[in-house]
Amino acid sequence: MNFTFDNQTAHSDVTVRDEGRIFENFSTISPKRTNQEKRYIHFKGTRGSLPFTKGGVFTYEIDVQFWVKKVLGSRELLFEIGLALESAIDNRLHVEGQPNCWSMIGSQHPECDGLCLIIAHEGQSIFHEKMVNNQTDCVFSKSFRFRVDMKKGIWEICDNNRKLCSLDIRTENPLYPVISGYNPASVLMKAELKSSENEI
C-alpha cells in the first residue's frame, strides 16, 4: 500500500480502522481531546498517511457504500473524496471550494430530488450524476478508481466500467488524498481502501 487512511489526524466524529483501510462517518472513540492529539477540528474526515509528490504517478481504489436511514435535507453532504494541500485540509468542514483542492462529493441535490455524485473544483461542478433516490432504506455501493499523475498534473476518476472525468491538478506542492463523511444520523457510510500503488 502506498498510503492508508490516517487515524492520527482523523476527526473525532469519524472512524478509521483495520490498519487504515476502513473509513466510517460515525465515531467509535471518546470525544475527549488532549493537546498532544493531531486530530482535525473542522474537517470531518482524515487524510492519507502519505502525500502524492511531484513527478510521481499513483493509483488507488476505494469502495464506497452507504445506507440512507432518514431522508437528507437540501444539499446535506454524505461524503467527500478529494485531493488537497495539507495547509487547506482543516480550514473548514470540507476541502471543496479552496484553491489547490479537488473533490468528488456525495450530496443531496434538490434539483434532482436525489443523492448525487458531484466532482468539483473551486465551486464549479465538472461532473454530476444521480446515485440513488433520497429515500429511507436506499442503498448505494460502488468502486471508484483514481489515478494521480503529478508529472502531467492530472487526476483521473473512474467507476466500475467507465471514466468519469479528468481534472487539471497542476501544482508544485504535494497533495494529500482526503476523505470525509457527514450526517451519520441520516446515513451510514463506509469506504474501504482496496489498493494504493506507485506506478512510478
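Everything quoted here is computed from the prediction, not taken from an experiment.

Enquirer: Where do I start with unusual backbone geometry in this structure?
Expert: Glycine aside, a negative phi is what most residues show, and trans is what most peptide bonds show. At D18, a position not held by glycine, the phi torsion is positive, near 50 degrees. Looking at where D18 falls in the secondary structure, it is placed in the loop between strand 1 (15-17) and strand 2 (22-24). Of the residues examined, D18 reaches a relative accessible area of 44% and is grouped as partly exposed. Non-glycine residue E19 carries a positive phi angle of around 55 degrees. Mapping E19 onto the fold places it in the loop between strand 1 and strand 2.

Enquirer: Is there a simple way to think about the packing of aromatic side chains in this case?
Expert: Here the distance between the centres and the angle between the planes together describe a pair of aromatic rings. Taken as a whole, this structure holds 10 aromatic pairs when the rule is applied. Here F5 and F23 contribute two aromatic rings whose centre-to-centre distance is 6.4 Å and whose plane-to-plane angle is 70 degrees, an arrangement assigned as edge-to-face. In this pair, F5 sits in the segment before strand 1 while F23 sits in strand 2, placing the two residues 18 residues apart along the sequence. We classify F5 as buried; its relative accessible area is 5%. Overall, the relative accessible area of 0% leaves F23 in the buried class. Both rings, one in Y60 and one in F146, keep their centres 4.8 Å apart while their planes meet at 20 degrees; by these two values the pair is stacked.

Enquirer: Please explain the sheet that holds strand 11 (residues 163-168) as it appears in this structure.
Expert: Backbone hydrogen bonds hold the strands of a sheet together, and the pairing may be parallel or antiparallel. Taken in spatial order, the 7 strands line up as 1-2-13-4-9-10-11 in an open sheet, and their pairing is antiparallel. One side of each edge strand has no neighbouring strand; the edge strands of this open sheet are strand 1 and strand 11. Each strand of the sheet is rotated relative to its neighbour by a mean of 20 degrees, with strand direction disregarded. In the sheet, strand 10 (residues 154-158) pairs with strand 11 via 5 bridges, with the strands oriented antiparallel. Paired with I154 across the two strands is D168, which belongs to strand 11.

Reading the values: rules and limits
Residues numbered from 1 in each chain as written. Predicted model: local features only at pLDDT ≥ 70, side-chain atom pairs only at ≥ 80, totals over all residues. Heavy atoms only, no water. Helix = DSSP H or I, 4+ residues; strand = E, 2+ residues; numbered from the N terminus. Buried < 20%, exposed > 50% of the residue type's maximum accessible area, 1.4 Å probe, protein only. Phe/Tyr/Trp six-rings, centres within 6.5 Å; stacked < 30°, edge-to-face > 60°. Pairing = 2+ DSSP bridges. Axes fitted to C-alpha atoms, helices over the stretch in contact; angles between N-to-C directions.

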